Amino acid sequence: MCRMECIGDQYRGCGHYVRAYETGTTFDCGSPGCKLSSAHMHKTARNCGCKSVYDDYRRVRNLFQTKCEPCQLLEYDARTGRRW
C-alpha cells in the first residue's frame with residue numbers, strides 16, 4: 001500500500017499518535033493491487049476494487065511522556081465519577 005508522510009505528536013503515556021498535518025510527500029509501493037501505485041494493473045478501469053487510500057508514514061514532531069487529551073479526560077471522568 002502506498003504511503004503518505006504525516007507529521008504528528010506521539011504520546012508515550014497511552015501510545016496514541018495524533019496527526020497534525022500531511023506533508024504531501026508520497027511513497028509508491030509498486031504493488032499491482034494498489035490503485036495509487038504507478039504499477040497498478042487496472043489503469044483504464046473506472047470501478048476496480050483496489051485500495052485507494054494512503055497508509056500513514058508517521059514522523060514524530062513532539063514526543064510527550066503523558067497521555068493524550070482524550071485519554072486524560074476519560075481517566076479524569078472515571079476517577080471523579082462523572083457520567084455524561
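Structure report, in brief. All values reported here derive from a predicted model rather than from experimental measurement.

Rules used in this analysis
- Residues numbered from 1 in each chain as written.
- Predicted model: local features only at pLDDT ≥ 70, side-chain atom pairs only at ≥ 80, totals over all residues.
- Heavy atoms only, no water.
- Salt bridge = Lys/Arg side-chain N within 4 Å of Asp/Glu carboxyl O.
- Phe/Tyr/Trp six-rings, centres within 6.5 Å; stacked < 30°, edge-to-face > 60°.
- Helix = DSSP H or I, 4+ residues; strand = E, 2+ residues; numbered from the N terminus.
- Contact = heavy atoms within 4.5 Å.
- Pairing = 2+ DSSP bridges.
- Expected span 1.5 Å × (residues − 1).
- Axes fitted to C-alpha atoms, helices over the stretch in contact; angles between N-to-C directions.

1. Regarding the pattern of salt bridges
A side chain with one charge may pair with a side chain of the opposite charge, provided their charged atoms come close. What the rule picks out here adds up to five salt bridges. Among the salt bridges present, the one from Glu22 reaches Arg19, with a minimum N-O distance of 2.7 Å. For Glu75, the salt bridge goes to Lys67, with nearest N and O atoms at 2.8 Å. Through salt bridges with shared partners, one network takes in Arg19, Glu22 and Asp56.

2. Some thoughts on the packing of aromatic side chains
One pass over the structure, following the stated rule, counts two aromatic pairs. Their ring planes at 20° and their centres at 5.0 Å tell us that Tyr11 and Phe64 sit as a pair that is stacked. Of this pair, Tyr11 sits in strand E1 (residues 3–11) while Phe64 sits in strand E3 (residues 55–64), and the two are 53 residues apart along the sequence.

3. Examining the environment of His42
Relative to the elements of secondary structure, His42 occurs in the loop between strand E2 (17–27) and E3. The spacing of His42 and Cys29 is 13 residues in sequence and 16 Å in space, taken between C-alpha atoms. Those residues in contact with His42 that lie beyond four places of it in its chain are Cys48 and Cys50.

4. A look at the pairing of E2
Pairing between E1 and E2: seven bridges, direction antiparallel. Counted as the bridge partner of Gln10 is Tyr17 from E2. The hairpin formed by E1 and E2 contains five residues between the paired strands, and Gly15 there has a positive phi angle of roughly 85°.

5. Concerning helix H1 (residues 69–80)
The terminal C-alpha atoms of H1 lie 16 Å apart, and with twelve residues this matches the ideal 16 Å at 1.5 Å per residue to within 8%. Of the residues one or two after H1, Gly81 is the one with positive phi, at around 85°.

6. Looking at the sheet that holds E2
Two modes of strand pairing occur in sheets, parallel and antiparallel, and in both the strands are linked by backbone hydrogen bonds. Sheet architecture is open: three strands sit in the order E2-E1-E3, paired in mixed fashion. Every other strand in the sheet has two partners, leaving E2 and E3 as the edge strands with one partner each. Pairwise comparison of adjacent strand axes, ignoring direction, gives a mean angle of 25° for this sheet. Taken together, the nine bridges between E1 and E3 define a ladder with parallel strand orientation. Counted as the bridge partner of Gly8 is Val60 from E3.

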